[in-house]
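# Structure at a glance
One letter stands for each residue in the lines below.
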Amino acid sequence: MRITELHLSPVLSPQSLLTQNWWGEMDQSTPVWKLLLTFFCPPLIFTDLITFRSMDDDLRLDPSQPMEMDSLDTDVKTTVGYMMSENTDPPSPPSPRRFWLRRWRQFWGAPVTAFLGNVVMYLLFLFLFSYVLLMDFSAPPAGPSASEIILYIWVFTLVCEEVRQGCFVGSQPVLQRVRQYLQDTWNKFDITALLLFILGVICRLFPDSFESGRTILCLDFMVFTLRLIHIFAVNKQLGPKMIIVGRMMKDVFLFLFFLGVWLVAYGVTTEGLLLPHDRRLPWIFRRVFYRPYLQIFGQIPLNEIDAALIAAANCTYDPVAILMEEAQPCTNTYANWLVLILLVVFLLVANILLLNLLIAMFSYTFAKVQGNSDIYWKSQRYNLILEYHNRPALAPPFILISHLHLFIKRHIRKVQSSKGRHFRECRGEQWERRRE
């Protein structure tokens, strides 16, 4: 008598389901170096360098060897067991053409491949950007160089991808898609970086505003580089640190409010006591704000403050001569003892009181977020996997090929997207099984 085959449907935890979607049909223990090597040498997809799940592996596993589905950094594991019958018929081998096509889709369709591809190409983009700014940025009328034109094309592909994410992802109305797109902080980061780049390029093209364009592009490079922080969400240890840094930035702004009050109080008072005859606004602002700020870090110009250390110089008390920069202003030594007392009090409050207040605020923020780090990381991980699950396989600048393919597929062949629907259906089925 033949025993009928008995299957026990696996009930995966949400994190295991996310891990399965992240790796696609590749083995979840695949090292990163194998993925990168295959990314740069696609023919390795058809070798045994990377292990892929077969169609039978998706349906059943050996009951004596339960499967473990690791998280992104192999900390979260869920054991899934399957029950099988004693006799199973071996599947018929697929044709070579179907095998190659299936392998190709298995590799390039996995979100982890899209993520690694975007990270590698983004690092190359930053290298090209820095090379153009430092080595190959000629003023008009020389015109843009070849590397600079490649950089412009690369940024154009980034703009196309942001437009696709903001206007063509999802089934909601366009206005609602844009509003949902702008809710993400990193999307605002991308828009800021791209707008600065466009403004810098426009200024760069004209001789009168060339230096302004260079300045804007240098600042823009900093914005593009800070965008790399987003990739830390993939790691369980570094992901929550992103939230900690964000919360600490709010603490810093509160600290700067208290510090600003003391800076203005001390700066205006000492400026009025030491240099009452100087009417030059740029120098007044420098000595009121900049010099007290540097004094917090130990840069104290005693030869300009302490009457006992002030050297004799060719100076004047005439405001007109000082304004015309005919001579340097003389330091007023009257009530110099009060200036020294104010310096001591300012450093005491700023370096001890306010600085320790900031450290205490940082400690509270760190402890609060670290206590819920697992929850924060799972939320970041879900958003990251969902983002790259819906992204094209190719990264900029080659993403234009994916955009052209999507345009033909959606608007000419009228084929609806199945990636987002597949993700939602898989998630819904798992929750239904858990409820049953």
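Note that the coordinates shown come from a computational prediction; the quantities given were computed from them, not determined experimentally.

Quick look at the overall build of the protein chain now. Counting secondary structure elements, the protein chain contains 16 helices and four strands. Split into buried and exposed, the 436 residues of the protein chain put 39% on the buried side. Across the protein chain, contacts joining residues at least 24 apart in sequence account for 73% of those joining residues at least 6 apart. If you sum the accessible surface of the protein chain, you get close to 26,200 Å²; carbon and sulfur atoms cover 66% of it.

Let us look at the side chain of Gln 106. Tracing the sequence through the fold places Gln 106 in helix α3 (residues 96–108). Taking relative accessible area as the criterion, Gln 106 reaches 5% and is therefore assigned buried. For Gln 106, the residues in contact, after removing those within four places along its chain, are Glu 25, Met 26, Phe 52 and Arg 53.

Following the sequence through the fold, Met 248 ends up in helix α9 (residues 239–274). Overall, Met 248 belongs to the buried group, its relative accessible area being 19%. The spatial distance from the C-alpha of Met 248 to the C-alpha of Phe 362 is 6.1 Å, given a sequence separation of 114 residues. With sequence-adjacent residues up to four places away left out, Met 248 is seen in contact with Phe 362, Thr 365 and Phe 366.

As a further point, take unusual backbone geometry. With an omega of 10°, the peptide bond running from Pro 140 to Pro 141 counts as cis. Take Pro 141: it is sitting in the loop between α4 (111–135) and α5 (146–167). Here Pro 396 and Pro 397 are connected by a cis peptide whose omega angle stands at 5°. In this fold, Pro 397 is placed in the loop between α14 (373–389) and α15 (399–412). Of note, Glu 325 is a non-glycine position whose phi angle comes to about 60°, a positive value.

The next thing to look at is the packing of helix α1 (residues 14–23) against α4. The contact between α1 and α4 brings their axes to 5 Å, and the two run at 65°. In this structure, α1 contributes Asn 21, Trp 22 and Trp 23 to the contact, and α4 contributes Pro 111, Val 112 and Phe 115. Split by residue class, the contact of α1 with α4 holds five nonpolar, one polar and no charged.

What follows deals with the packing of aromatic side chains. In total, this model carries 22 aromatic pairs according to the counting rule given. Between the aromatic rings of Phe 107 and Trp 108, the centroid separation amounts to 5.0 Å while the plane-to-plane angle is 85°, which identifies the pairing as edge-to-face. A residue is classified by how much of its surface remains accessible, and Phe 107, at 0% relative accessible area, is buried. Relative accessible area serves as the criterion here: at 12%, Trp 108 is assigned to the buried category. For the pair Phe 125 and Phe 224, a centre-to-centre distance of 5.1 Å together with 75° between the ring planes defines the contact as edge-to-face. One end of the pair, Phe 125, is in helix α4; the other, Phe 224, is in helix α8 (residues 210–226), and 99 residues separate them in sequence. Just as Phe 125 is buried, Phe 224 falls in that class too. Over the ring of Phe 137 we find Arg 204; its NZ or CZ atom is 4.9 Å from the centre of that ring. For Arg 286, the ring lying beneath its charged end belongs to Trp 283, and the centroid distance is 5.1 Å.

This next bit is on the nonpolar core. Trp 22, Met 26, Phe 125, Phe 197 and Phe 224 are the most contacted members of the largest nonpolar core, which totals 45 residues. The set of elements that each furnish at least two residues to this core consists of α1, α2 (32–40), α3, α4, α5, α7 (185–204), α8 and α14. Not counting the four nearest positions on each side in its chain, Phe 224 is found in contact with Tyr 122, Phe 125, Leu 126, Phe 129, Leu 158, Ala 193, Leu 194 and Phe 197.

Within α1, eight of the 10 residues are buried, leaving the element largely enclosed by the surrounding structure. Every buried residue of α1 is accounted for by Gln 15, Ser 16, Leu 17, Leu 18, Thr 19, Asn 21, Trp 22 and Trp 23. Just downstream of α1, Gly 24 is the residue with a positive phi angle, here 65°.

What follows is about a nonpolar patch on the surface. Taken together, the side chains of Leu 254, Phe 257, Phe 258, Val 261, Trp 262, Trp 337, Leu 338, Ile 341, Val 345 and Leu 357 present a nonpolar region at the surface, about 940 Å² in accessible area. When residues of the nonpolar patch are traced back to their parent elements, those giving at least two are α9 and α13 (336–371). Within the secondary structure layout, Trp 337 lies in helix α13.

Counted by the stated rule, this structure contains 12 salt bridges. As a salt-bridge pair, Glu 304 and Arg 291 come within 3.5 Å of each other at their nearest N and O atoms. Highlighted residues: Glu 304 in helix α11 (residues 302–305) and Arg 291 in helix α10 (residues 281–296), separated in sequence by 13 residues. Relative accessible area serves as the criterion here: at 40%, Glu 304 is assigned to the partly exposed category. Classification of Arg 291 as buried rests on a relative accessible area of 12%. Via salt bridges that share partners, Glu 271, Asp 278, Arg 280 and Arg 287 belong to a single interconnected network.

Scored by pLDDT, the protein chain comes out at a mean of 82, with 83% of its residues at no less than 70. Ranking the elements of the protein chain by mean pLDDT puts strand β2 (residues 77–80) last, at 33, and α8 first, at 96. Across residues 56–88, confidence stays below pLDDT 50; counting only partners more than four residues off in sequence or on other chains, it has 72 contacts. In the predicted structure, residues 427–436 sits below a pLDDT of 50 and forms 14 contacts with residues beyond four places in sequence or in another chain.

Let us look at the environment of Cys 160. By the element assignment, Cys 160 lies in helix α5. Discounting chain neighbours no more than four positions away, the residues touching Cys 160 are Leu 400 and His 403.

With that settled, consider the packing of α4 against α14. Each pair of packed helices can be summarised by the angle the axes make with each other and by the distance between the axes. α14 packs onto α4 with a crossing angle of 90° between their chain directions and a minimal axis gap of 8 Å. Comparing their axes, α14 and α4 come out roughly perpendicular. The segment α4 lies against α14, with Pro 111, Ala 114, Phe 115 and Asn 118 engaging Leu 384, Tyr 388 and His 389. Of the residues in the contact of α4 with α14, the class split is five nonpolar, two polar and no charged.

What counts as what
- Residues numbered from 1 in each chain as written.
- Predicted model: local features only at pLDDT ≥ 70, side-chain atom pairs only at ≥ 80, totals over all residues.
- Heavy atoms only, no water.
- Helix = DSSP H or I, 4+ residues; strand = E, 2+ residues; numbered from the N terminus.
- Buried < 20%, exposed > 50% of the residue type's maximum accessible area, 1.4 Å probe, protein only.
- Contact = heavy atoms within 4.5 Å.
- Areas by Shrake-Rupley, 256 points an atom, 1.4 Å probe, with all protein chains shown as cover.
- Axes fitted to C-alpha atoms, helices over the stretch in contact; angles between N-to-C directions.
- Nonpolar A, V, L, I, M, F, W, Y, C, P; charged D, E, K, R; others polar.
- Phe/Tyr/Trp six-rings, centres within 6.5 Å; stacked < 30°, edge-to-face > 60°.
- Lys NZ or Arg CZ within 6 Å of the ring centre and 35° of its normal.
- Core = buried A, V, L, I, M, F, W, Y, C linked by side-chain atoms within 4.5 Å.
- Patch = residues over 30% accessible without salt bridge, like charges linked within 9 Å, V, L, I, M, F, W, Y side chains within 5 Å.
- Salt bridge = Lys/Arg side-chain N within 4 Å of Asp/Glu carboxyl O.
- pLDDT = per-residue confidence, 0-100.
- Parallel < 35°, antiparallel > 145°, perpendicular 65-115°, else oblique.

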